[in-house]
Amino acid sequence: MAMSIIANIFLAMFASFLWLMSILFSGSHQNWVYGVRNLLLLCHLLITAVLVLSTAGIALGLYAKFTPNWPELAVTFSFLATVVGYGIWATANIAAEEISLEYYHFPNWFKWAFFPFPMLQKGGRKKIRDAAERRAKELKKRAYQERT
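So, a few notes on the structure that sits alongside this text. Every chain's residues receive numbers from 1 upward, in the order its sequence appears when written. With the structure being a predicted model, the display of local features is reserved for residues of pLDDT at least 70 and the display and counting of side-chain atom pairs for 80 or more, all residues being used for whole-chain, interface and lining totals. Only heavy atoms go into the side-chain values, all of them from the structure, while hydrogens and water stay out.

**Comments concerning the overall build of the chain**
- From N to C terminus, the chain includes seven helices and zero strands.
- Secondary structure elements are taken from DSSP: a helix is a run of H or I of four residues or more, a strand is a run of E of two residues or more, and numbering for both begins at the N terminus. Reading the secondary structure of the chain in the N-to-C direction produces α-α-α-α-α-α-α.
- For the chain, the C-alpha radius of gyration of 20 Å lies well beyond 15 Å, the compact-globule estimate for 148 residues.
- Relative accessibility under 20% of the residue-type maximum defines a buried residue, over 50% an exposed one, and the middle range a partly exposed one, all with a 1.4 Å probe and only protein chains included. For the chain, the proportion of its 148 residues judged to be buried stands at 24%.
- Put simply, of all contacts in the chain between residues at least 6 apart along the chain, 54% involve residues at least 24 apart. Within these notes, the globule rule equals 2.2 Å times the number of residues to the 0.38 power, and the radius of gyration is based on C-alpha atoms. In this analysis, two residues are considered to be in contact whenever any of their non-hydrogen atoms come within 4.5 Å of each other.

Spelled out as structure tokens, the structure:
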């Protein structure tokens, strides 16, 4: 849990830094988000670390609390697995549906490590590919409209 708290504190500091800098500089620098992508990646990794470490800490705490009472431990572990599993599933589906072009171009290790659920079925992979193609055409059309 101490590592989760540390990750959470640094996440808050870096995210606050990004927020303040975005207020100060994003209006005058159009490529600001691209310029701070490494810090955004660090914040994403810290969020992931907080999720993993907090889940592990909660699981260890539940085990320590309910060890002699196995039925209660099974119920609480099942609830924990359901909440965390559904949260990860919902996040992965939001990423695959709302940012399909970006999701399609994520490195495979990143997709399998952080957002694996849409990749598990062939239909899901095809749906992502089709949505990414639609989004690419939409962006291309908008780029040409803004040039003229």
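Now that the structure is up, let's keep going.
**Digging into the packing of aromatic side chains**
- Pairs were defined over the aromatic rings of Phe, Tyr and Trp, the Trp ring being its six-membered one, requiring ring centres within 6.5 Å. Orientation was assigned from the angle between planes: stacked under 30 degrees, edge-to-face over 60, tilted for the rest. One pass over the structure, following the stated rule, counts six aromatic pairs.
- Measuring from centroid to centroid gives 5.6 Å for Trp109 and Phe110, while their planes differ by 85 degrees, and the two rings are edge-to-face.
- Ring pairs connect the aromatic residues Tyr103, Phe106, Trp109 and Phe110, which therefore count as one cluster.
- In this structure, Lys111 packs its charged tip against the face of Tyr104, placed 5.8 Å from the ring centre. Put simply, a charge is over a ring when the Lys NZ or the Arg CZ is close to the ring centre, within 6 Å, and near the line of the ring normal, within 35 degrees.

**A closer look at the nonpolar core**
- Membership of the largest hydrophobic core is limited to nine residues, which are Ala92, Ala95, Ala96, Tyr103, Phe110, Phe114, Phe115, Met119 and Ile128.
- Looking at this core, the elements with two or more residues in it are α4 (70-98) and α6 (108-114).
- The element best represented in this core is α4, accounting for three residues.
- Contact partners of Met119, with chain neighbours within four places excluded, come to Tyr103, Lys111, Trp112, Arg125 and Ile128.
- Counting residues in hydrophobic clusters, the runner-up holds eight residues, among them Trp32, Val36, Leu46 and Val50. Only buried residues count toward a nonpolar core. Its members are Ala, Val, Leu, Ile, Met, Phe, Trp, Tyr and Cys residues joined through side-chain atoms within 4.5 Å.

**As for the environment of Ala56**
- Positionally, Ala56 belongs in helix α3 (residues 37-66).
- Residue Ala56 is classed as partly exposed on the basis of its relative accessible area, which comes to 37%.
- Each C-alpha atom, one on Ala56 and one on Ser4, is 9.5 Å from the other, the two residues being 52 residues apart in sequence.

**Observations concerning the side chain of Ser4**
- In this structure, Ser4 sits in helix α1 (residues 2-25).
- For Ser4, a relative accessible area of 5% translates into the label buried.
- Look past the residues within four positions of Ser4 in its chain and what remains in contact with it is Val50, Leu53 and Ser54.

**Topic: α4**
- Take the number of residues in a helix, subtract one, and multiply by 1.5 Å to get its expected span. Taking 1.5 Å of rise per residue, 29 residues should cover 42 Å, and α4 covers 41 Å from first to last C-alpha, within 8% of that figure.
- Residues of α4 that are buried include every one of Leu73, Leu80, Val84, Ala92, Asn93, Ala95 and Ala96, and no others.

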